[in-house]
Structures are given as structure tokens and as C-alpha cells.
Amino acid sequence: MSEFFKKYVTKQIYWRLLDSGLPTGTLSNLKYDKNVPRPYILKKVVFVVAAELDLDFEELLWESICMIAGDEYNA
């Protein structure tokens, strides 16, 4: 998940994630790969990123799952 954060999460998106109700500790754990996110947290993070960057939610969700699994993402 840290790859996802490096690629997509800017300071503005990080603040938007905090505004969406995610605790700072949860975001920190995701950012530094301390655990695999629960599905509802992953969905919320991907939704906020997709909305902020005007990207397709389903494609971004698939890419994030591939990053977590360590698989190569093929569009």
C-alpha cells in the first residue's frame, strides 16, 4: 500500500482522507505498510483518491489490490 501512497496521495488528498473520517493512525499504518487495510478502509481511500484525481474508481481499486498483492498491474 505504500507504493499506492507514493504514487497517488498528495498532501491535499491526505487531508481529504482525514476529513472523510479516517483516523491518522490508520493512514499512517497504510502509508508505511504496517498492515493490509480492511476492505471498507481500502474502498474509502481509493474512492477519495479517484474522486480527487478524476480517475476511474474500479481501475484504481484493481491497481491498489495488485500493489498490495505484489502483482504487476496490467491495464
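What counts and how
- Residues numbered from 1 in each chain as written.
- Predicted model: local features only at pLDDT ≥ 70, side-chain atom pairs only at ≥ 80, totals over all residues.
- Heavy atoms only, no water.
- Helix = DSSP H or I, 4+ residues; strand = E, 2+ residues; numbered from the N terminus.
- Salt bridge = Lys/Arg side-chain N within 4 Å of Asp/Glu carboxyl O.

Peer 1: Could you give an account of unusual backbone geometry, naming the residues involved and the relevant values?
Peer 2: We note that Asp54 has phi near 55°; this positive angle belongs to a residue other than glycine. You can see Asp54 is positioned in the loop between helix H4 (39-53) and helix H5 (57-69).

Peer 1: Quick rundown of the pattern of salt bridges? Include the residues and the values.
Peer 2: One pass over the structure, following the stated rule, counts 2 salt bridges. A salt bridge links Glu63 to Lys7; the nearest nitrogen and oxygen atoms lie 2.7 Å apart. You can see Glu63 sitting in helix H5 and its partner Lys7 sitting in helix H1 (residues 2-8), a full 56 residues away along the chain. For the salt bridge of Arg16 with Glu52, the shortest nitrogen-to-oxygen distance reads 3.0 Å. On the criterion of sequence distance, the pair formed by Arg16 in helix H2 (residues 11-19) and Glu52 in helix H4 is long-range, its members being 36 residues apart.

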